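Overview (structure and organization)
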Amino acid sequence: MNTASSRQIEWDAFKVTIRGVAMATRASIRQTVVDKLKEVEGRLAMLEGQLEAAFWVELRTFICPLSTLLNEGCGVDAQRLHNAGVRKASLSVPGIQDLYCVTTFLTEQQNSCNLGCFPNEPSVSSWGAPIVWHGNFNRTQEDEFYRARGTVIGLSVFAVGKYIQRYLGHFLETAEIYFMPGYPVVYYVMVDDPSLVPKIYLLPNRSMEVIKVKKHARWQDISMMRMRDIAELVVPRAKREVNFLFCMDVDQEFTSRYGVETLSALVAQTHSFHYFWPKFMQSFETNPASAAFVDPSKSDYYYHAATFAGTVYEILKLARACQEGIRRDKEKGIEAVFQEESHLNHYLLHTKPTKLLSPEYNWDGWLNVKYHTLRWMPKDYANLHKNTE
């Protein structure tokens, strides 16, 4: 690996870590947070040619204990850093002082913050779409509305290779307990080996359809082809059978009631990991030549492809648009930074969702929320992506 690539990895690692403090701030001071992060990144950019090799060495030393402290919910001060093993040399290296100052300021806010829950966070987007948090919807009214219309909900889940045995059974078992209780549900289970699909006891008003998908050599291709499989294999069935269709990753588990308050024409899931990040730190595809290009300064939210939903017609439009963007990129020899998620974000920037789900509906296990209905399962990419999963 060349020096430039190594240093980029180190800087990216710092941005992942600093997100922990950026997200831990009250809305009232968030603009100050964004300004300070821009300021420190600007100073480092000016120093780039002057940053000595020691900066990149000390950055690693700085990140590890900082990450530990943030995960413990602590503020950062000189004594805590010293106790955690930050060497004094770290604070004498140009650039590290800037990082230390901004993290100290931000983490001072942690102990006084009530993080990320309604009514402290916005419940309506800038274009008027509801953002669903526990406490800002009337469950009784929602149930009455959808029951009166005989609503049927589809849940599409994609599991290939090692993901089938590792995650699929638990995903479906928790869905039977918490996903749309009391409503008819059709599960569309896309797998590359139907013989590995576990037998799950389903409630009387629920059914499962197993759909075989093609194997692919690379996990990135598996990810990108999901949109094609939804459009070509799931939608033709779903349009005859359900009113709304959810599309989810399999490496998740339901933890509490996931109900009809989530239904709408086009539903996007805000990304728990990115929710409080400043726009310039989010993971959009920033190559203007890519069909997935998003200018971060003009973005709304960073959306998670692990969950998206809507009417079958809207899901078909979304899947086809992403599939077309992937095709155009492939012709140019481009692969978007986060494959189909990058194309999803491009689409949802230009086709605004009619409802957004808060991080409570797709929790990363880190963000401090009072409730969660669906959460990420432990990841093991090194093994799961090995030898074509």
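It should be noted that the structure appears before, not after, this text.
Below is a summary of the structure that appears in this document.

Quick notes on the rules
Residues numbered from 1 in each chain as written. Predicted model: local features only at pLDDT ≥ 70, side-chain atom pairs only at ≥ 80, totals over all residues. Heavy atoms only, no water. Phe/Tyr/Trp six-rings, centres within 6.5 Å; stacked < 30°, edge-to-face > 60°. Helix = DSSP H or I, 4+ residues; strand = E, 2+ residues; numbered from the N terminus. Buried < 20%, exposed > 50% of the residue type's maximum accessible area, 1.4 Å probe, protein only. Expected span 1.5 Å × (residues − 1). Bend = angle between axes of the 7 residues up to and from the residue. Pairing = 2+ DSSP bridges. Right-handed = clockwise from strand over helix to strand, strands pointing away.

This part takes up the packing of aromatic side chains. A full pass over the atoms with the stated rule returns 14 aromatic pairs. A centroid spacing of 6.0 Å and a plane angle of 85 degrees characterise the contact between Tyr146 and Phe244, whose relative ring orientation is edge-to-face. Taken together, the positions of Tyr146 in helix H6 (residues 139–148) and Phe244 in strand E5 (residues 244–249) put the pair 98 residues apart, joining distant regions of the chain. There is no split in this pair, since Tyr146 and Phe244 are both buried. Plain terms: the ring middles of Phe284 and Tyr302 are 5.2 Å apart, the flat faces sit at 65 degrees to each other, and that makes the pair edge-to-face. Pair noted here: Phe284 is in the loop between strand E7 (266–270) and strand E8 (303–311) and Tyr302 is in the loop between E7 and E8, with a separation of 18 residues, a long-range link. A relative accessible area of 7% places Phe284 in the buried class. Through successive ring pairs, a cluster of aromatic residues spans Phe171, Phe179, Phe246, Phe254, Tyr258 and Tyr361.

A word on helix H10 (residues 339–350). Every α-helical turn comprises 3.6 residues, leaving residues that sit three or four positions apart pointing alike. Within H10, ten of the twelve residues are buried, leaving the element largely enclosed by the surrounding structure. Among all positions in H10, only Gln339, Glu340, Glu341, Ser342, His343, Leu344, Asn345, Tyr347, Leu348 and Leu349 are buried.

Once that is clear, we can look at helix H7 (residues 162–178). Its 17 residues give H7 an end-to-end C-alpha distance of 25 Å, which sits within 8% of 24 Å, the value for a rise of 1.5 Å per residue. A bend of about 40 degrees at Leu168 is the largest found in H7. Those residues of H7 that sit buried are Tyr163, Ile164, Tyr167, Leu168, Gly169, Phe171, Leu172, Thr174, Ala175 and Glu176. Phi turns positive one or two residues past the end of H7, at Met180, with a value near 50 degrees.

Bringing the sheet that holds E7 into the picture now. One open sheet holds the eight strands; their spatial order is E1-E9-E7-E8-E5-E2-E3-E4, and the pairing between them is mixed. Two strands close off the open sheet at either side, each with one partner strand: strand E1 (131–132) and strand E4 (206–212). Here six bridges tie strand E2 (residues 153–159) to E5, and the two strands are oriented parallel to one another. Within the sheet, the bridge partner assigned to Ile153 lies in E5 and is Phe244.

This part is about the pairing of E2. Buried residues dominate E2, accounting for seven of its seven residues. Every second residue of E2 is oriented toward a common face, with Ile153, Leu155, Val157 and Ala159 on one face and Gly154, Ser156 and Phe158 on the other, all of them buried. Here E2 runs beside strand E3 (residues 185–191); their pairing, made up of seven bridges, is parallel. Residue pairing across strands places Leu155 opposite Tyr187, the latter belonging to E3. After leaving E2, the chain enters H7 and then returns to the sheet as E3, a path that is right-handed.

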